[in-house]
Amino acid sequence: MAVIPRIRHIEFRSAPPENPDAGAAEVRVNLEDGSASTFPVLTPNHVSHRMNEAGQDFLYGAPSLFVKRLDQEGLAKAADAMATDMSGFWLRYYNTGRDEKKKAKGKKK
């Protein structure tokens, strides 16, 4: 059985939006085991705003975490849900260390 990751700290990697009810940002979730996950977060109404702005029928890109509000309380609730859902699969999936290991492995001296 997989161990559910424990969250130590959540921080904005980019400036939080002026309106926490409608916007997007990038966050880093630091876990107690020393690993971290970085991923985009956005509010549902921000998606429709971006789609209307671009005149598209769909929106694609990196997977994002949807939050009700882009504030510390909203982020904490969403990150806790990620930690408990599927034993933290998504937090491990976005694990920042994984990308750094791949880059280091690919470098030749």
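Everything below is about the structure printed above this text.
Residues numbered from 1 in each chain as written. Predicted model: local features only at pLDDT ≥ 70, side-chain atom pairs only at ≥ 80, totals over all residues. Heavy atoms only, no water.

## Quick look at the nonpolar core
Then, number 1: With 17 residues, the main nonpolar core has V29, F39, V41, L65, L75 and L91 as its most contacted residues.
Then, number 2: Of all the elements in the fold, those that place two or more residues in this core are β2 (24–31), β3 (36–42) and α2 (72–84).
Then, number 3: Ignoring sequence-local partners within four residues, the contact set of L65 consists of F39, P40, V41, L42, A78 and M82. (Core = buried A, V, L, I, M, F, W, Y, C linked by side-chain atoms within 4.5 Å. Buried < 20%, exposed > 50% of the residue type's maximum accessible area, 1.4 Å probe, protein only. Helix = DSSP H or I, 4+ residues; strand = E, 2+ residues; numbered from the N terminus. Contact = heavy atoms within 4.5 Å.)

## Some points on a nonpolar patch on the surface
Then, number 1: There is a patch of nonpolar side chains on the surface, built from M86, F89, W90 and Y93 and spanning about 380 Å² of accessible area.
Then, number 2: Counting through the fold element by element, M86 comes out in the loop between α2 and α3 (89–93).
Then, number 3: Residue classification places M86 among the partly exposed residues on the basis of a relative accessible area of 48%. (Patch = residues over 30% accessible without salt bridge, like charges linked within 9 Å, V, L, I, M, F, W, Y side chains within 5 Å. Areas by Shrake-Rupley, 256 points an atom, 1.4 Å probe, with all protein chains shown as cover. Salt bridge = Lys/Arg side-chain N within 4 Å of Asp/Glu carboxyl O.)

## Here's the deal with α2
Then, number 1: Across its 13 residues, α2 extends 18 Å between first and last C-alpha, which sits within 8% of the 18 Å expected from 1.5 Å per residue.
Then, number 2: All of the buried residues along α2 are G74, L75, A78, A79, M82 and A83.
Then, number 3: Count one or two residues on from α2 and you reach M86, which has phi positive near 50°. (Expected span 1.5 Å × (residues − 1).)

## Comments concerning the side chain of T43
Then, number 1: Looking at the element boundaries, T43 is found in the loop between β3 and α1 (44–54).
Then, number 2: Among the polar contacts made by the side chain of T43, one reaches the main-chain amide nitrogen of G23 at a distance of 3.0 Å.
Then, number 3: Discounting chain neighbours no more than four positions away, the residues touching T43 are P20, D21, A22, G23, F66, V67, K68, R69 and L70. (Polar contact = N/O pair within 3.5 Å; in protein donor to acceptor, adjacent residues only side chain to side chain.)

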